[in-house]
Amino acid sequence: MPRKPRSTDRRLPPESRQWLARIAGLLLGVALVLALASVGAVAADRTAGPSTAPAPTVAVGNASNASGVVLELYPDPVRNGDAGEYVLVELPRAGNWSLSDGESTVRLRNRSGRVLVTPEPGAVGDHVAADTAVVEGSLALANTGETVVLRRDGETVHRVRYEATVEGERYLPAPGEWRPPGLDPRSPVPTGPANATAFLLPDSPGLALSTLESATERLLLAGYTFSSERVTAALLAAESRGVDVRVLVEAEPVNGASARQARLLDRLAAGGVDVRVVGVGADRFNYHHPKYAVVDGRALVLTENWKPAGVGGASSRGWGVRIENGTTADELAALFRNDAGAADTRAWESFRRNHRFESFPAANGSYPTEFAPEQVTATNVTLLTAPGNAASRLVAAVDAADSRVDVLQPSLGRQDNPLVRATLRAAQRGVEVRILLSGAWYVAEENEALVSWLNDWAARNDAPLTARVAEPGGRYEKIHAKGLLIDDDIAVVGSLNWNENSATRNREVALALHGREPVAYYRESFDADWAGGNGGENVAVRGGRRGRRTGRGARRGALGALRGGGEVGGVTLSTLSGDQSSQRRGCQSPRLSRPGRRPSRRAPRRSRRRPSSRPARRSPARACPSRT
């Protein structure tokens, strides 16, 4: 029997059609609203410009009641297979939290406070504070860049994006920078007025030694290198009297630690002194470079190393100061404890195993005492440290100078570093600037070229700036001081070299001494050293004294050129590198290979995970002699 054709009349009753029409109208209205919202969002994005990594929803360490925040990421530890990588978050209250890297998600239900998420909890002990919960999770952070998203109830709360990693450093989203674990830059610390003893080297080597010998309760000594027999004897004698004696030095100075240093540190450790080295593994600093001691309630800060050429008075021109203010001593003691207790330090006895040490001759010069130590009163003392605050504070102080600035440095690195730019700005507004640099063989050629450049710049700009290379004249062997005098108000004494590496990557310590008396003492010796200096080889011009450009237009033009790193007074800032002579001699200074980093230490990382056969901590082609 044939099948009856299916009816094509499917019209609904009138009542049904009316309901369908109403529903269709509602859906159309919803679609129109969504479309308008989407157009508005696109317009807002275009107005805001190109998209970048979103800023944190709240400030680091201060999550609000509504939002959590990613505090830091550690994707590239200095370990095989990146063992110990983590993400640290702060959650304001318990909830349905989750953390994702786009490939895997870690649930953080009912968690609050600081939470550290890592695939290997046993490998992150050095990074966990007492108030931090550790959660095991399968995140695998890429070394080539990653996006990590913190969510609550499925909604994005904080999205963080980092690019290629810096090995051994953590990424901090709030400032948007990489920073070694354990390094949290300090603020400048004003410690108030103080009585002080200002002194010079090689003129008065006995003052630092007698200060160490006077210890009765504590003696904390921090340095870059250590090879003084007399200082060793003073420390051992203090230890035998029951004084708490501790020593902290750089693990791997340029050219390595000397055999003399190894022998003396062995003696100290055998005598009961707590000797530690800084810079092992994922280190915080390029070099641990300060020169200071805390002796009971007194603070001793120098520009010179703890070796015969420095505090021994056998070579270098240096500045030193002893502060009687107990607050300064306590602040330095706190810095010492912080630096000595971090994960990148080791006891000397364990570090020295399997290390070889080379013999270097010790300085044995003898120089007259032209400037005796002098009691001075500082109206205020400010403790400056690097990385973090020293360079920026000095730049601000030079920018505020009214009449004169005197700079004493072994060298200046590059002409376009912020401190040199500040002196050029000062000269362009009429401040009298004098820059005196070392004539030591390892920097003589580059310093002569730089002095010529600075004097030529001054002549072109008719600016009151003069630069010279020091001529010791039998009063010392070389300039090693890192000194700065601003007007009659501020004298700066410490370890900060005027180069990018020292300002941003080294541990440095300096004291800013406020008041006429400290400035007058150091300026008298600066004047004497200046009188023996010359303006560089074949220099035909000196800093202009024919007039001062103090007009607003002149200042604005100089500032614009300097900020752009371009041209000032017709001279290009990048004309000289400050390193050319070292390259011609065939040796490699630490600042040549990668400014601000240890040389040849890190290679680009391309994979998410890989077995690691990492290079040695430093491998310079041929390092120039240690001179810092």
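Residues numbered from 1 in each chain as written. Predicted model: local features only at pLDDT ≥ 70, side-chain atom pairs only at ≥ 80, totals over all residues. Heavy atoms only, no water.

> Explanation requested: the overall build of the chain in the structure shown.
Counting its regular elements, the chain contains 14 helices and 28 strands. Relative to its 628 residues, the chain shows a buried fraction of 53%. Within the chain, contacts between residues separated by at least 24 positions form 76% of all contacts whose residues are at least 6 apart in sequence. (Helix = DSSP H or I, 4+ residues; strand = E, 2+ residues; numbered from the N terminus. Buried < 20%, exposed > 50% of the residue type's maximum accessible area, 1.4 Å probe, protein only. Contact = heavy atoms within 4.5 Å.)

> Would you mind going over the nonpolar core with me for this structure?
Burial of nonpolar side chains together is a common tendency in soluble globular proteins. By size, the foremost hydrophobic cluster in this structure holds 84 residues, and its most contacted members are Leu219, Phe226, Trp306 and Tyr522. Sorting elements by how many residues they give to this core places strand E11 (residues 189–201) first, with seven residues. The contact partners of Phe226, leaving out residues within four places of it in the chain, are Leu221, Val231, Thr232, Leu235, Val249, Gln261, Leu264, Leu265, Leu268 and Trp306. By size, the runner-up hydrophobic cluster in this structure holds 41 residues, among which are Ala386, Val405, Trp453 and Trp498. (Core = buried A, V, L, I, M, F, W, Y, C linked by side-chain atoms within 4.5 Å.)

> Would you take a moment to explain the packing of helix H3 (residues 229–240) against helix H4 (residues 259–270) for this structure?
The axes of two packed helices give the description: the angle between them and the distance between them. It is the contact of H3 with H4, at a shortest axis distance of 10 Å, that shows an interaxial angle of 10°. With respect to their mutual orientation, H3 and H4 come out roughly parallel. Within the contact between the two elements, H3 uses Glu229, Thr232, Leu235 and Leu236 and H4 uses Arg260, Arg263, Leu264, Arg267 and Leu268. Of the residues contributing to the contact of H3 with H4, the split by class is four nonpolar, one polar and four charged. (Axes fitted to C-alpha atoms, helices over the stretch in contact; angles between N-to-C directions. Parallel < 35°, antiparallel > 145°, perpendicular 65-115°, else oblique. Nonpolar A, V, L, I, M, F, W, Y, C, P; charged D, E, K, R; others polar.)

> Help me understand the environment of Ala440 in this model?
Mapped onto the elements, Ala440 comes out in the loop between strand E21 (432–437) and helix H9 (444–461). The spatial distance from the C-alpha of Ala440 to the C-alpha of Pro472 is 9.9 Å, given a sequence separation of 32 residues.

> Can you walk me through the side chain of His480 in this structure?
Tracing the backbone through its elements, the reader meets His480 in the loop between strand E23 (478–479) and strand E24 (483–486). Engagement of the side chain of His480 in a polar contact is seen with the backbone oxygen of Thr303, the distance being 3.3 Å. In this structure the side chain of His480 is engaged in a polar contact, spanning 2.8 Å, whose partner is the side chain of Glu304. (Polar contact = N/O pair within 3.5 Å; in protein donor to acceptor, adjacent residues only side chain to side chain.)

> I'm lost on the pattern of salt bridges in this one. Help?
In a structure, side chains of opposite charge can pair up when their charged atoms sit close to one another. Under the criterion given, the structure shown has 29 salt bridges. One salt bridge connects Arg434 with Asp406, and the closest N-O pair in it is separated by 2.9 Å. Taken as a pair, Arg434 in strand E21 and Asp406 in strand E20 (residues 404–409) lie far apart in primary sequence, 28 residues in all. The class for Asp406 is buried, based on a relative accessible area of 1%. For Arg475, the salt bridge is made with Asp529, and the minimal N-O distance between the two is 2.7 Å. Of this pair, Arg475 sits in the loop between strand E22 (465–469) and E23 while Asp529 sits in helix H11 (residues 516–531); the two residues are 54 residues apart in sequence, bridging distant segments of the chain. Relative accessible area serves as the criterion here: at 12%, Arg475 is assigned to the buried category. On the basis of relative accessible area, Asp529 is assigned to the buried category, the value being 0%. Each member of the salt-bridge network shares a partner with another, and the members are Asp406, Arg434, Asp488, Arg516, Arg523 and Asp527. (Salt bridge = Lys/Arg side-chain N within 4 Å of Asp/Glu carboxyl O.)

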